[in-house]
Amino acid sequence: MALRRRRQIAWTLRGLALLAALALLAGAFGARSGGLVEAERWFAHPVPLLGTAVVLVVVSLVVELEFRTRFSQIGCAVALVGLIVVSAPYVVLGLLLDGDGRPVDRKAHPDRPGLALTVTDVAFSIDPLYQVEVVTGTGWSARHWELGTWGEGTGHGYYRSAEWTGPDRITVTSDEETAVFVLDPVTGRPGAPRVTKH
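Residues numbered from 1 in each chain as written. Predicted model: local features only at pLDDT ≥ 70, side-chain atom pairs only at ≥ 80, totals over all residues. Heavy atoms only, no water.

Q: Report on the overall build of the chain, specifying residues and quantitative values.
A: Broken down by element type, the chain carries four helices and eight strands. Since a compact globule built from 198 residues should have a radius of gyration of about 16 Å, the 23 Å found for the chain marks it as more spread out than a globular shape. Looking at the chain as a whole, 30% of its 198 residues qualify as buried. By sequence separation, contacts in the chain at least 24 residues apart represent 39% of the contacts at least 6 residues apart. As presented, the chain carries roughly 12400 Å² of accessible surface, and 65% of it is formed by carbon and sulfur atoms. Charged side chains in the chain number 19 positive and 19 negative. The centres of these two groups are separated by 13 Å. (Helix = DSSP H or I, 4+ residues; strand = E, 2+ residues; numbered from the N terminus. Rg over C-alpha atoms; globule rule 2.2 N^0.38 Å. Buried < 20%, exposed > 50% of the residue type's maximum accessible area, 1.4 Å probe, protein only. Contact = heavy atoms within 4.5 Å. Areas by Shrake-Rupley, 256 points an atom, 1.4 Å probe, with all protein chains shown as cover. Lys, Arg positive; Asp, Glu negative; His and termini not counted. Charge placed at Lys NZ, Arg CZ, Asp CG, Glu CD.)

Q: With reference to specific residues and values, describe helix 3 (residues 46-64).
A: If you check helix 3, its first and last C-alpha atoms are 27 Å apart, about what 19 residues at 1.5 Å a residue would give, namely 27 Å. Every buried residue of helix 3 is listed here: Leu49, Ala53, Leu56 and Ser60. Viewed along the axis of helix 3, the buried residues span an arc of 65°, placing them on a single side of the element. In this structure, the buried residues of helix 3 make contact with helix 1 (3-31) and helix 2 (37-43). (Expected span 1.5 Å × (residues − 1). Arc of directions from axis to C-beta.)

Q: I'd love a proper account of the nonpolar core, names of residues and values included.
A: Buried together is how nonpolar side chains tend to be arranged in soluble globular proteins. Counting 17 residues, the largest nonpolar core has Val132, Tyr159, Ile170 and Val172 as its most contacted members. When contributions to this core are tallied by element, the ones reaching two or more residues are strand 2 (115-121), strand 3 (129-136), strand 4 (143-151), strand 5 (159-166), strand 6 (169-174) and strand 7 (177-182). Beyond its immediate sequence surroundings of up to four residues, valine 132 is in contact with Leu117, Thr118, Val119, Trp145, Glu146, Leu147, Gly148, Trp150, Tyr159, Ala162 and Val172. Leu13, Leu49, Ala53 and Leu56 belong to the second largest nonpolar core, which has eight residues in total. (Core = buried A, V, L, I, M, F, W, Y, C linked by side-chain atoms within 4.5 Å.)

Q: Help me get a handle on the packing of aromatic side chains, residues and values and all.
A: The final tally for this structure, using the stated rule, is one aromatic pair. Where tyrosine 130 meets tyrosine 159, the ring centres are 5.0 Å apart and the plane angle is 45°; that geometry is what we call tilted. Taken as a pair, tyrosine 130 in strand 3 and tyrosine 159 in strand 5 lie far apart in primary sequence, 29 residues in all. Of the two residues, tyrosine 130 and tyrosine 159, neither departs from the other in class, the shared state being buried. Of note, arginine 14 hangs over the ring of tryptophan 11, and the distance from its end group to the ring centre comes to 4.6 Å. (Phe/Tyr/Trp six-rings, centres within 6.5 Å; stacked < 30°, edge-to-face > 60°. Lys NZ or Arg CZ within 6 Å of the ring centre and 35° of its normal.)

Q: Tell me about the sheet that holds strand 1 (residues 102-108), and name the residues and values.
A: Strand pairing in a sheet takes place through backbone hydrogen bonds and is either antiparallel or parallel in direction. Ordered in space as 1-2-3-4, the four strands form an open sheet in which the pairing is antiparallel. Two strands lie at the open edges of the sheet, namely strand 1 and strand 4, each paired on one side alone. Looking at each pair of strands side by side, their axes are set apart by 20° on average, direction ignored. Pairing between strand 3 and strand 4: eight bridges, direction antiparallel. (Pairing = 2+ DSSP bridges. Axes fitted to C-alpha atoms, helices over the stretch in contact; angles between N-to-C directions.)

Q: Go over the pattern of salt bridges with me, naming the residues and quoting the values.
A: Enumeration over the complete set of coordinates arrives at six salt bridges. Arginine 102 is the partner of aspartate 121 in a salt bridge, and the nearest nitrogen-oxygen pair spans 3.4 Å. Placement of aspartate 121 in strand 2 and of arginine 102 in strand 1 is noted, with a sequence separation of 19 residues between them. On the basis of relative accessibility, which here comes to 11%, the residue aspartate 121 falls in the buried class. Since its relative accessible area comes to 47%, arginine 102 is described here as partly exposed. (Salt bridge = Lys/Arg side-chain N within 4 Å of Asp/Glu carboxyl O.)

As structure tokens, this is what we get:
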């Protein structure tokens, strides 16, 4: 294969790796409180995207380099096997833990269809860990605002319920406290909670 052709293929692969990294960045911004729901759903998967970027860069290096001697061919094979052995446990663990959680409840606002209250079990173990969020908007413009996480070790107690208790008010109850969130009437962004201990 001509050197020029190999370089074109290598830079194409690097461009694809850059696209995977940019998608990962979009997913990271989407996963933040206030981020876009669809960006998180599609791109907040660090293990597959980062793994794809690394593989594409490694393959681009292999394509671009010329391995004429037996020593260089063996060295490349050893380096690739070492990379696979070192990265395999991280990839397997990341794929097992990569998930959006298990949806538990979704309650639309009684008067405003563009608002919804969602409860998701985000625990990686048997003990539930409930993340409560408010979703504003629909489609690609929908944003999610995190209200908090309730469960063992969170300091908020065990989750009991999350309800709409007013036009712009959400009440989350646990066995230890009641937290009341007031939403901005225009953006739907929640303010700091007013917490009452039981």
